[in-house]
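Residue strings, one per chain:
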Amino acid sequence: MAGQDPMLSTSHPFYDVARHGILQVAGDDCFGRRVVTFSCCRMPPSHELDHQRLLEYLKYMLDQYVENDYTIIYFHYGLNSRNKPSLGWLQSAYKEFDRKYKKNLKALYVVHPTSFIKVLWNLFKPLISHKFGKKVTYFNNLSELREHLKYDQLIVPPEVLRYDEKLQSLHEGRPPPSTKTPPPRPPLPTQQFGVSLQYLKDKNQGELIPPVLRFTVTYLREKGLRTEGLFRRSASVQTVREIQRLYNQGKPVNFDDYGDVHIPAVILKTFLRELPQPLLTFQAYEQILGITCVESSLRVTCCRQILRSLPEHNYVVLRYLMGFLHAVSQESIFNKMNSSNLACVFGLNLIWPSQGASSLSALVPLNLFTELLIEYYENVFSAPEAPGGHGLAPQVQGGRAARLQEAVLQTQAMALTKPSLPPSPLRAARRHL
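Given the structure is predicted, the values throughout are model-derived calculations rather than measurements.

Calculation criteria
Residues numbered from 1 in each chain as written. Predicted model: local features only at pLDDT ≥ 70, side-chain atom pairs only at ≥ 80, totals over all residues. Heavy atoms only, no water. Helix = DSSP H or I, 4+ residues; strand = E, 2+ residues; numbered from the N terminus. Buried < 20%, exposed > 50% of the residue type's maximum accessible area, 1.4 Å probe, protein only. Contact = heavy atoms within 4.5 Å. Areas by Shrake-Rupley, 256 points an atom, 1.4 Å probe, with all protein chains shown as cover. Axes fitted to C-alpha atoms, helices over the stretch in contact; angles between N-to-C directions. Parallel < 35°, antiparallel > 145°, perpendicular 65-115°, else oblique. Left-handed = near helix turned anticlockwise from the far one by under 90°. Nonpolar A, V, L, I, M, F, W, Y, C, P; charged D, E, K, R; others polar. Phe/Tyr/Trp six-rings, centres within 6.5 Å; stacked < 30°, edge-to-face > 60°. 1 Å grid on protein atoms, 1.4 Å probe; cavity = no way out; pocket = protein on both sides within 12 Å on 5 of 7 lines; lining within 4 Å. Points joined across faces, edges and corners; volume = space filled by probe spheres on them. Core = buried A, V, L, I, M, F, W, Y, C linked by side-chain atoms within 4.5 Å. Pairing = 2+ DSSP bridges. Salt bridge = Lys/Arg side-chain N within 4 Å of Asp/Glu carboxyl O.

Considering the overall build of the protein chain
A tally of helices and strands in the protein chain yields 21 helices and 5 strands. Out of the 433 residues in the protein chain, the part that is buried amounts to 50%. For the protein chain, the share of sequence-separated contacts (at least 6 apart) that also reach a separation of at least 24 residues comes to 78%. For the protein chain, the accessible surface area stands at approximately 21,700 Å², while carbon and sulfur atoms represent 52% of it.

Observations concerning the packing of helix α15 (residues 312-329) against helix α17 (residues 339-350)
Pairs of packed helices are described in terms of their axes, by the angle between the two and the distance that separates them. Where α15 contacts α17, the two axes come as close as 10 Å, and the packing angle between them is 155°. In terms of orientation, α15 and α17 fall into the roughly antiparallel class. Helix-helix and strand crossings are classified by hand; for α15 and α17 the assignment is right-handed. On the side of α15, the interface is formed by L318, L321, M322, L325, V328 and S329, while α17 contributes S339, L342, F346 and L350. Taken together, the residues of the contact of α15 with α17 break down into 8 nonpolar, 2 polar and no charged.

Digging into unusual backbone geometry
Here H112, not a glycine, exhibits a phi torsion of approximately 60°, which is positive. Summarising the element assignment, H112 is placed in the loop between β4 (105-111) and α5 (115-124). By relative accessible area, which is 4% here, H112 ends up buried. Of note in the backbone geometry, Q205 takes a positive phi value of approximately 55° without being a glycine. If you trace the backbone, Q205 turns up in the loop between α9 (197-203) and α10 (211-223). On the basis of relative accessible area, Q205 is assigned to the exposed category, the value being 76%.

What about the side chain of H51?
Along the chain, H51 falls in helix α2 (residues 51-62). Residues in contact with H51, not counting those within four places in the same chain, are M43, S46, N83, K84, P85 and W89.

Details of the packing of aromatic side chains
Scanning all chains against the criterion turns up 14 aromatic pairs. Measuring from ring centre to ring centre gives 5.7 Å for F14 and Y57, while their planes differ by 40°; the resulting arrangement is tilted. A residue pair is termed long-range when its members are at least 10 positions apart, and F14 in the segment before α1 (15-18) and Y57 in helix α2 qualify at 43 residues. Through a chain of ring-to-ring contacts, three or more aromatic side chains come together here, namely F193, F215, Y247 and F271.

With respect to empty space enclosed by the protein
To locate leftover empty space, one rolls a probe as large as a water molecule over the atoms. What the rule picks out here adds up to 1 cavity of 30 Å³ or more. Volume-wise, the largest cavity comes out at about 870 Å³. Around the largest cavity sit 33 residues that line it, and Y74, L90, Y94, L108 and F132 are the ones nearest its centre. Ranked by the residues each element gives to the lining of the largest cavity, the list is headed by α5, at 5 residues. When grouped by side-chain class, the residues that make up the lining of the largest cavity number 31 nonpolar, no polar and 2 charged.

Here we look at the nonpolar core
Across soluble globular proteins, nonpolar side chains have a tendency to be buried as a group. F231, L268, L307 and L318 are the most contacted members of the largest nonpolar core, which has 68 residues in total. Of all the elements, α15 adds the most residues to this core, at 9 residues. Among the nonpolar cores identified, the runner-up in size contains 33 residues, and I72, F97, V110 and F132 belong to it.

Let's talk about the pairing of β4
Most of β4 sits inside the fold, with 6 of its 7 residues counted as buried. Where strand β3 (residues 70-75) lies against β4, 6 bridges are found, and the strand directions are parallel. Each residue of the ladder has a partner; that of F75, found in β4, is V111. One ladder, built from 4 bridges, connects β4 with strand β5 (residues 136-139); its direction is parallel. Following the sheet pairing, V110 is matched in β5 by Y138.

Digging into the pattern of salt bridges
Inspection of the entire model under this criterion finds 9 salt bridges. Taking the shortest distance from any N to any O, the salt bridge between K223 and D256 comes out at 2.9 Å. Taken together, the residues K223 in helix α10 and D256 in the loop between α11 (237-248) and α12 (262-273) connect sequence positions 33 residues apart. Taking relative accessible area as the criterion, D256 reaches 41% and is therefore assigned partly exposed.

Here it is, written out as structure tokens:
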């Protein structure tokens, strides 16, 4: 099965690359030559993979076999705009592989080539020797590959197998097979994006606030609180991926080097959006949708009640983030980002459903709930309503407590029945959207 070698140790000198299973040694071909496979479908997005390290790892692997004849099989399927190396990198990679590597390479099999490969070949043709060009063979399907090597020894990624079956089905006029999600890959020990809060806590000596969140918040508190349009501006995708890659590799990031205070703001939102589970958790989603049905005077306390169901770690991180966003809203005369505007930006980064995307009708309650957390930060996150606490706050007594309890039960009932939300007034919808 394609993927990570179960015997791969984190002490491996190229563990950060090897864990993806991009390169595999797969027995011998029909001429007894060692076979090395390169699978594009195993390449993660560019911000999660240092392509220079990939090049070094490829040389490290080939150094073990280049003294004898060998064959490379290149599975092209899975290469896309998110994980594709630059043309400059490809050119430098070709130059890096000197005669030592090219001499004993007897065959380069390209499986499932596309028009991109043909364009690329034309671009690099002036740099590629005629002798090397004769070693390249294209195979449109796996059945053609079987004739040239011991197929039963070959490690073909399941994604490639499914794609090949799909091509065969289309060729024969049959409906394509159903698509399955590939198994998850183990994260790097220093991974920061796309991993759980618990993973980050375990890898950071029990620290509850994730490093990326702390670094970005600290920087923005010092240098961005009065920046107009904070959190509304975008940033270069390439820059964001580069910073993600640095963080994931455990390398320092100095935001001063980028000269744009909006970049750490984008990184913060990206971190929240890539959590495996939203910070407010899937379980709280339906209860939050019911916030618009709660009497206005009881909404803040209802928020406190909903937050009591959060895991303690999520609660601590949420309190830290909301404290910062509250500080941002306090400077809205300069940054134009009041609690309502911030809620529009952060609502869908804090909560989303476990299946599918949030509907348009869900935006109003989700943003309203987020706005309440920011606007009434001190009341919502006061000590009596910490997770695991019991009973209502001391100031909530008598008939008001009864009405609140009724409101909370109502939102919980809505979570079970999932009714459609009543239409909100147009003015309120505009305000929160």
